[in-house]
Amino acid sequence: MVVTAERTPLYDEHVRSGAQMTNFGGWVMPLQYSSIREEHRSVREAVGLFDLSHMGELRVKDESLAQRVVSRDLTRLRPGRIQYAMLCNEAGGIIDDVLAYAVDDGGYLMVVNAGNQDSDFDWIRRHNPSASGGGQGGGVFNVGRDWALIGVQGPRAVGLVQRLTSSDVGGVKYYAFIEGKVADVACLISRTGYTGEDGFELFCGNEDAARLWRALLEEGQVDGIRPAGLGARDTLRLEAGMRLHGNDIDANTNPLEAGLDWTLSLDKDFIGRDAIMQVRERGLSRVLVGFKMLNRSIPRHGYAVVDGGVQVGSVTSGNVSFTLGYNIGMAYVAPTLAQPGTRLGVEVRGTAAPAEVVALPFYKRPHPK
């Protein structure tokens, strides 16, 4: 059976801009418009614009169900605030990492990874005792294909969005959101991102996406705005030490070994909690570390990580760091090899290129208050 990749409502905008398109998570997405380096530096130094409409959105109206499937204690989350959390299986593995938005009706909006939105929806519904029959029953709704999502990221992002809205977006705290209009388009304005920079993610209806995209590009010309693709999004998130599901975390990864213990509310019951507690009690056999290359070699996903000629792990994510000026990556290794300053090797074209363990994240900027 041939499966056709889906298109976001901004597909025509990308093609018109000459973007190089690629299939990502079952969606046709822009990889880059100019060069990954230029788009990356624009986000770090000015402002970049991302189409994130491939991301999934699930509405979970039952608080008890949300508490059961999400690793954080959502009862502590006030309306208008957001938490990063895990969906775990019974063995404690990470099915997906999500952003949970507390909305005014007492339920939650969960933003999930593009390739996982349908399977996440099915998984949550299977654990909902009130679900019956087909359709969207049981108070769980798969609404991702009804919404567009645009990321505005970089040190000039707040000023750009503020000029297009009457809402006080500068007063929106990190990991909080408001409803308002941007360029006369009704939006959910979320102070979140996947780049390590300040900025917003703007949710709007599909029918308004192109109008909002064009307005941001036009107004942002004075800020040096660039549309940015998946290539820059990956190098930016890697510098910020943000995990990518399918690379750095997956259904066989325990949140503790991934350094995500802060996403766990172990004083409440959730799917996978008991297995995670067992791992914590017996100790970790591996942990995720960051490393920098000591020469110009570029680590890539899947490359072997070695110590004394013996493989001790594999690169989960790796690339050039356009901000730091050296090449970086992440890998799982034994806890005895996880101390910053530890020397390791990365097999690049048959040679063990020298690397050194460093603290995560590689790059960090102060979060807005």
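Predicted model, so just to flag it, every value in this text is computed and none were measured.

Novice: What am I meant to see in unusual backbone geometry here?
Specialist: Backbone geometry follows two general trends: most residues other than glycine have a negative phi, and most peptide bonds adopt the trans configuration. With an omega of -5 degrees, the peptide bond running from Leu 360 to Pro 361 counts as cis. Counting through the fold element by element, Pro 361 comes out in the segment after strand S20 (351–358). Phi is positive for Tyr 175, close to 60 degrees, though the residue is something other than glycine. Within the secondary structure layout, Tyr 175 lies in the loop between helix H5 (157–163) and strand S11 (177–182).

Novice: How should the side chain of Asp 51 be read in this particular structure?
Specialist: Following the sequence through the fold, Asp 51 ends up in strand S4 (residues 48–51). Buried charged residue Asp 51 carries no salt bridge. Nearest counter-charge: Arg 233, at 9.5 Å. Of the polar contacts made by the side chain of Asp 51, one reaches the side chain of Thr 8; its length is 2.6 Å. Only 2.7 Å separates the side chain of Asp 51 from the side chain of His 14, close enough to count as a polar contact. Excluding residues within four positions of it along the chain, Asp 51 makes contact with Thr 8, Leu 10, His 14, Met 29, Leu 149 and Trp 213.

Novice: I'm lost on the nonpolar core in this one. Help?
Specialist: Ranked by internal contacts, the top residues of the largest apolar core, which has 39 residues, are Tyr 84, Leu 99, Tyr 101, Ile 249, Leu 260 and Ile 276. Only strand S6 (82–88), strand S7 (94–102), strand S8 (108–112), helix H7 (230–239), helix H8 (273–282) and strand S18 (327–333) provide two or more residues apiece to this core. The element contributing the most residues to this core is S6, with four residues. If we ignore the near neighbours within four places in the chain, the residues touching Ile 249 are Tyr 84, Ile 94, Asp 97, Arg 243, Leu 244, Ala 258, Leu 260 and Tyr 332. Counting 30 residues, the second-largest nonpolar core is a separate cluster that includes Leu 49, Val 169, Ala 209 and Ile 225.

Conventions used here
Residues numbered from 1 in each chain as written. Predicted model: local features only at pLDDT ≥ 70, side-chain atom pairs only at ≥ 80, totals over all residues. Heavy atoms only, no water. Helix = DSSP H or I, 4+ residues; strand = E, 2+ residues; numbered from the N terminus. Buried < 20%, exposed > 50% of the residue type's maximum accessible area, 1.4 Å probe, protein only. Lys, Arg positive; Asp, Glu negative; His and termini not counted. Salt bridge = Lys/Arg side-chain N within 4 Å of Asp/Glu carboxyl O. Polar contact = N/O pair within 3.5 Å; in protein donor to acceptor, adjacent residues only side chain to side chain. Contact = heavy atoms within 4.5 Å. Core = buried A, V, L, I, M, F, W, Y, C linked by side-chain atoms within 4.5 Å.

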